[in-house]
Amino acid sequence: MNAPFNAARAPSLRDPFSAFVCDDATAEMLRPIAVEHGWAPEKVNKGGLRNAIQTLSVSASPSILFVDLSESGDPLNDINALAEVCEPGTVVIAAGQVNDVRLYRDLVASGLQDYLLKPFTPDQLRDTFAHAQLTISGPRLNEATTDKPHVVAAVIGARGGVGASTIAASLAWMLGDKQNRSTALLDLDIHFGTGALALDLEPGRGLTDAIENPSRIDGLFIERAMVRANEKLCVLSAEAPLSQAFMNDGSAFYQLQEEIRNAFESTVMDLPRGMLVQHPHLVNEVHVAVVVVEFTLAATRDAIRILSWLKSNAPQAKVVVVANRAQSGHQEISRKDFEQAIERNVDIVIPQDGKAAAQSAKLGQPFAKVATGAKLAQPLAQLVEATISAVDSGEGGAHEEEPGPRLRPPRTGNAMC
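Cut-off values and rules
Residues numbered from 1 in each chain as written. Predicted model: local features only at pLDDT ≥ 70, side-chain atom pairs only at ≥ 80, totals over all residues. Heavy atoms only, no water. Phe/Tyr/Trp six-rings, centres within 6.5 Å; stacked < 30°, edge-to-face > 60°. Helix = DSSP H or I, 4+ residues; strand = E, 2+ residues; numbered from the N terminus. Buried < 20%, exposed > 50% of the residue type's maximum accessible area, 1.4 Å probe, protein only. Salt bridge = Lys/Arg side-chain N within 4 Å of Asp/Glu carboxyl O. Core = buried A, V, L, I, M, F, W, Y, C linked by side-chain atoms within 4.5 Å. Contact = heavy atoms within 4.5 Å. Axes fitted to C-alpha atoms, helices over the stretch in contact; angles between N-to-C directions. Left-handed = near helix turned anticlockwise from the far one by under 90°. Nonpolar A, V, L, I, M, F, W, Y, C, P; charged D, E, K, R; others polar. Pairing = 2+ DSSP bridges. Right-handed = clockwise from strand over helix to strand, strands pointing away.

(A) Structural context of the packing of aromatic side chains. Scanning all chains against the criterion turns up five aromatic pairs. On the basis of an interplanar angle of 85° and a centroid distance of 5.3 Å, the ring pair of Trp-39 and Phe-129 is categorised as edge-to-face. Taken as a pair, Trp-39 in the loop between α1 (24-36) and β2 (44-46) and Phe-129 in helix α5 (residues 122-137) lie far apart in primary sequence, 90 residues in all. For the residue pair Trp-39 and Phe-129, the accessibility class agrees, reading buried in each case. When the centroid spacing of 6.3 Å and the interplanar angle of 65° are considered together, the rings of Phe-66 and Phe-120 count as edge-to-face. Residue Phe-66 is found in strand β3 (residues 64-68), and its partner Phe-120 is found in the loop between β5 (114-117) and α5; the two are separated by 54 residues along the sequence. A relative accessible area of 7% places Phe-120 in the buried class.

Structure below.
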């Protein structure tokens, strides 16, 4: 919960679990499940939320707290009162009888782990406790180790449909799984983001809440808002309603970057190219800019423009050009002509593999996890190495000093125009 830390309460004195319920039926359901988890059944107390507030005002908060809101006249305000006496890091689960999606969203936004609607089943309760334990046992988001310098990578698609989001999700997964770095995937496509979808997750409301209320963004907000994909990877994504427009000055995105930088060892931003125009400050602290392209005339033109823009607006960033879904012999523009047009080499080429892409989507797993063949694994590993080397070797401002690129690519014999 988002509450001030009381130094008088030593973390070692925390109980693993406490519950405050309003009725005997809930208590009788809770006690045997508590025993299953190795928790003391006498930690299931009567009295509901009011008793919880009174008790926790004079004692240490447990690691997992279950509170019954059935007798609460104003659940949201009462939960906020609980936050005032509850220590940071406590996972709070609530139960109640009000079936209102707006209340559920407000409670989760206030820091609640979950809200169970009565009557609920023992299996629902077990699942909720399992999720709570995963939150506790996984890496604390503010425990990024100091021996690994933080790396920020922005993945930008030269065109829609080139697979930038696929590359972003794969890079984030590999940084966590292969490099053992706590990693955040920040998907800034508010309405159509696929960061969570690619990992078979529900995106939650964390990103939209951050945009609507930038003043709420802090370390505890990040801890609650991020959706955990595995032990090393968390995702902040959204699927905002198409009827909901977000007008903002970008301050929320900047604050998110700052808090994520403090909480993780790596950040991967899936950065829609339109964001470059609207919020150029998003690349101020980027170490690596991954520009995903395809060998087409339109992608060539837009790659030229994006590379030129990055040279002016993110001179500190190491630029890595990745040609995705490359097909041998079936391209609008050859690699040679593409490189001549953008006046630099393509750093990494990832070949087309429809079977691996379909399997990735079907299983809800990152493309890099499914693509184990050497032809795909090798260029993906090169991408990770290029990202890590940007901070390990102190690279930055890696743009080559060369004449400005042409603003329009040449029409070659291979172009379909």
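Still more to cover.
(B) Spatial organisation of the pattern of salt bridges. Scanning all chains against the criterion turns up 16 salt bridges. Residue Arg-273 is joined to Asp-302 by a salt bridge in which the shortest nitrogen-to-oxygen separation is 2.9 Å. Placement of Arg-273 in helix α10 (residues 273-278) and of Asp-302 in helix α11 (residues 297-313) is noted, with a sequence separation of 29 residues between them. Residue Arg-273 is classed as partly exposed on the basis of its relative accessible area, which comes to 34%.

(C) Just the nonpolar core, in detail. Leu-188, Leu-207 and Leu-271 are the most contacted members of the largest nonpolar core, which totals 55 residues. In terms of residue count, the dominant contributor to this core is α11 (six residues). Contacts of Leu-207, omitting those with residues within four sequence positions, involve Leu-186, Asp-187, Leu-188, Ile-190, Leu-236, Ser-237, Ala-238 and Leu-256. In this structure, Ala-168, Ala-172, Val-268 and Ala-368 belong to the second largest nonpolar core, which totals 35 residues.

(D) Representation of the packing of α11 against helix α12 (residues 335-342) within the structure. One way to put it is that α11 packs onto α12 with a least axis distance of 9 Å and a crossing angle of 35°. For the crossing formed where α11 meets α12, the hand is right-handed. Contacts between α11 and α12 involve Ala-299, Thr-300, Ala-303, Ile-304 and Leu-307 from the former and Phe-338, Ala-341 and Ile-342 from the latter. Split into classes, the residues belonging to the contact of α11 with α12 amount to seven nonpolar, one polar and no charged.

(E) Local environment of the pairing of strand β9 (residues 233-236). Taking every second residue as pointing to the same face, both faces of β9 are buried, with Leu-233 and Val-235 on one and Cys-234 and Leu-236 on the other. As paired elements, strand β7 (residues 183-187) and β9 share four bridges and run parallel to each other. Bridge pairing in β9 links Ala-184 to Cys-234. As paired elements, strand β8 (residues 227-228) and β9 share two bridges and run antiparallel to each other. Note that in β9 the partner of Val-227 across the bridge is Val-235. Remark: four residues form the turn of the hairpin made by β8 and β9, two consecutive strands paired antiparallel.

(F) Just the sheet that holds strand β11 (residues 288-293), in detail. As summarised here, the arrangement of the eight strands in space is β8-β9-β7-β10-β6-β11-β12-β13, forming an open sheet in which the pairing is mixed. Edge positions in the sheet fall to β8 and β13 (348-351), since each has one partner strand and no second. Contacts from helix α9 (residues 251-263) reach β6 (151-157), β7, β9 and β10 (266-270), with the element oriented near 165° to β7. Here helix α15 (residues 374-392) sits on the sheet in contact with β6, β11, β12 (318-326) and β13, set at roughly 150° to β13.

(G) Quick look at the pairing of strand β4 (residues 91-96). Counting buried positions along β4 gives six out of six residues, so the element sits mostly inside the fold. By the alternation rule, side chains of β4 split into Val-91, Ile-93 and Ala-95 and Val-92, Ala-94 and Gly-96, which are all buried. Remark: the β3/helix α3 (residues 75-85)/β4 crossover connection has right-handed handedness. Pairing analysis gives four bridges linking β4 to β5, with the strands arranged parallel. Bridge pairing in β5 links Ile-93 to Asp-114. What joins β4 to β5 is helix α4 (residues 101-109), and the crossover it makes is right-handed.

Keep in mind these values describe shape, not function.
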